[in-house]
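Fold and geometry: a report
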Amino acid sequence: MSDLSRLNLTILDGGIGRELKRIGAPFSQPLWSAKALIEAPHYVTQAHQNFIDAGAEIITVNSYACVPFHLGETLYQQQGTTLARQAAIIAKDVASTATQTVQVAGSLPPPLGSYRPDLFEKHQALDILTTLYKAQDEHVDLWIAETIASIEEASAIAHVLKDSTKPCYYAFTLSDELGVTARLRSGESVTHAIEAILKEATLVEGIDGIFFNCSIPEVMEKAIRDAKSVLEKHSKTLNIGAYANSFKPISQGHEANLTTQSSRDLTPEEYKDYAQQWYNTGANIIGGCCGIEPAHIKVLEEWKKSLEEA
């Protein structure tokens, strides 16, 4: 890209689940980030505040684990709606007291398991996604459908978001295997996925951005490049975003709610180097996913300021 100044960079928050664990909140599998929401919600407030203090301009509702996959079917039926609504209210309350403008993103997570397109079943997924949408909608400024592993899953999300008047962003999780083609965890190429989105009226009319998330940083640049190429071919302008994790590569068949995924030591400066690559390739909304802490977001915010001052 020859003119970086034309991209207005927005800083997204980092991974709230690992941040809750880092600050000492109640935390265990399979409940993941929902455990603090149930037992000690003040930690959720603190985690959001930590990211805002670091410079995040968008914080994401802690509703990722408010699904049967993490709560279990019984607890989900009893408290799923209430917990998702509570999570949205907490995020909105924290954002409203920030000294800078902070938007709240409602989260639509994988309804039937992260990284597992093989577990996806549309009818059941629609019920869960609709519940989460209704629980959060009153309290959020925009939507991020997170960790989408297949085109089929994106299509289901589009059905839920079709009547929303708020900005809607679709974040795809990528295969952690480096190769000449960027792929979703379903094996479908990013190019194919974006082409499919642009051909489906329900999707393309209600989508404000394509993101890539919860994948190792090394695979993001190629995905951004492929997505940008398809959008340019169709003369379509959308926001492009990236928020990677600090996990070791995730293999097929991973059970996301049984164990805590192994992490690697990814320093804030190292993460910024990746973020600069994404920005140079065309991403204009950048943050972090699992394991990316306020310290990483602070470095991103400082880098953003340097861009504005240049």
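Now for a look at the structure at hand. (Residues numbered from 1 in each chain as written. Predicted model: local features only at pLDDT ≥ 70, side-chain atom pairs only at ≥ 80, totals over all residues. Heavy atoms only, no water.)

Here's the deal with the overall build of the protein
Let me state the cut-off plainly: The helix and strand labels rest on DSSP assignments: H or I over at least four residues marks a helix, E over at least two residues marks a strand, and numbering proceeds from the N terminus. Throughout, radius of gyration means the C-alpha value; the globule benchmark is 2.2 Å times the number of residues raised to the power 0.38. Each residue is assigned to one of three classes by its accessible area relative to the maximum for its type, calculated with a 1.4 Å probe on protein chains only: buried under 20%, partly exposed between the two thresholds, exposed over 50%.
A tally of regular secondary structure across the protein gives 12 helices and eight strands. Over its C-alpha trace the protein gives a radius of gyration of 18 Å, about what one expects of a compact globule, namely 19 Å for 310 residues. If one aligns the C-alpha atoms of the protein with their principal axes, the spans along those axes are about 50 × 40 × 35 Å. Within the protein, the fraction of its 310 residues that count as buried is 59%.

Quick look at the packing of helix α6 (residues 122–136) against helix α7 (residues 151–161)
Rules: Note on method: axes are straight lines fitted to C-alpha atoms, helices fitted across the in-contact stretch only, with angles between N-to-C directions ranging 0 to 180 degrees. When describing relative orientation, an angle under 35 degrees is termed roughly parallel and one over 145 degrees roughly antiparallel, while 65 to 115 degrees is termed roughly perpendicular and anything else oblique. Crossing handedness is read from the near helix: turned anticlockwise from the far helix by less than a right angle, it gives a left-handed crossing, and turned clockwise, a right-handed one. Residue contacts are defined here by distance: any two heavy atoms, one from each residue, within 4.5 Å place the two residues in contact. We call Asp, Glu, Lys and Arg charged. Ala, Val, Leu, Ile, Met, Phe, Trp, Tyr, Cys and Pro are nonpolar, and the rest, Gly among them, are polar.
Two elements in contact, α6 and α7, have axes separated by 9 Å at closest approach and are oriented at 45°. In terms of their interaxial angle, α6 and α7 are classed as oblique. In the crossing of α6 with α7, the sense of the turn from one axis to the other is right-handed. Along the contact surface, α6 presents Lys122, Leu126, Leu129, Thr130 and Tyr133, while α7 presents Glu152, Ala156, Ile157, His159, Val160 and Leu161. Here the contact of α6 with α7 is composed, by residue class, of seven nonpolar, two polar and two charged.

Here we look at the nonpolar core
Buried together is how nonpolar side chains tend to be arranged in soluble globular proteins. Short version of the rule: Side-chain atoms within 4.5 Å are what join buried Ala, Val, Leu, Ile, Met, Phe, Trp, Tyr and Cys residues into a set we call a nonpolar core.
In this structure, Tyr170, Phe212 and Trp278 are the most contacted members of the largest nonpolar core, which totals 112 residues. With nine residues, the top contributor of residues to this core is helix α5 (residues 73–96).

Focus: α6
The line we're drawing: The length a helix should cover is 1.5 Å for every residue beyond the first. Think of a polar contact as two N or O atoms within 3.5 Å of one another; within protein, one of them needs to be a possible hydrogen donor and the other a possible acceptor, and neighboring residues in sequence only count if both atoms come from side chains.
In a regular helix each residue adds 1.5 Å, so 15 residues correspond to 21 Å; α6 covers 21 Å between its end C-alpha atoms and thus fits that length. Residues Ala125, Leu126, Ile128, Leu129, Leu132, Tyr133, Ala135 and Gln136 constitute the buried set of α6. By the N-cap criterion, in which a side-chain oxygen at the helix start approaches the backbone nitrogen of a residue two or three places on, α6 is capped by Glu121, the distance to His123 being 3.2 Å.

Quick look at the sheet that holds strand β6 (residues 209–213)
Selection criterion: Paired strands, in this sense, are two strands between which DSSP finds at least two bridges.
Taken together, eight strands build an open sheet; the order of strands is β1-β8-β7-β6-β5-β4-β3-β2 and the sheet is parallel. The open sheet has two edge strands, β1 (10–11) and β2 (58–60), and neither has a second partner. As paired elements, strand β5 (residues 168–173) and β6 share five bridges and run parallel to each other. Bridging from a neighbouring strand, Thr173 pairs with Asn213 of β6. Contacts between helix α11 (residues 268–281) and the sheet are confined to β7 (239–244) and β8 (285–288), with β8 contributing the most and set at about 155° to the helix.

Quick notes on the pattern of salt bridges
Convention followed: Between Lys or Arg on one side and Asp or Glu on the other, a salt bridge is scored when a side-chain nitrogen of the former is within 4 Å of a carboxyl oxygen of the latter.
Scanning all chains against the criterion turns up 14 salt bridges. A salt bridge links Arg22 to Glu19; the shortest N-O distance between them is 2.8 Å. Taken together, the positions of Arg22 and Glu19, both in helix α1 (residues 16–22) and three residues apart, correspond to about one turn of that helix. In this structure Glu19 comes out as buried when scored by relative accessible area, which is 1%. Residue Asp141 is joined to Lys92 by a salt bridge in which the shortest nitrogen-to-oxygen separation is 2.9 Å. Separated by 49 residues along the polypeptide, Asp141 in the loop between α6 and β4 (142–148) and Lys92 in helix α5 bring together distant segments of the chain. Here Asp141 falls in the partly exposed class, since its relative accessible area comes to 25%. We classify Lys92 as partly exposed; its relative accessible area is 31%.

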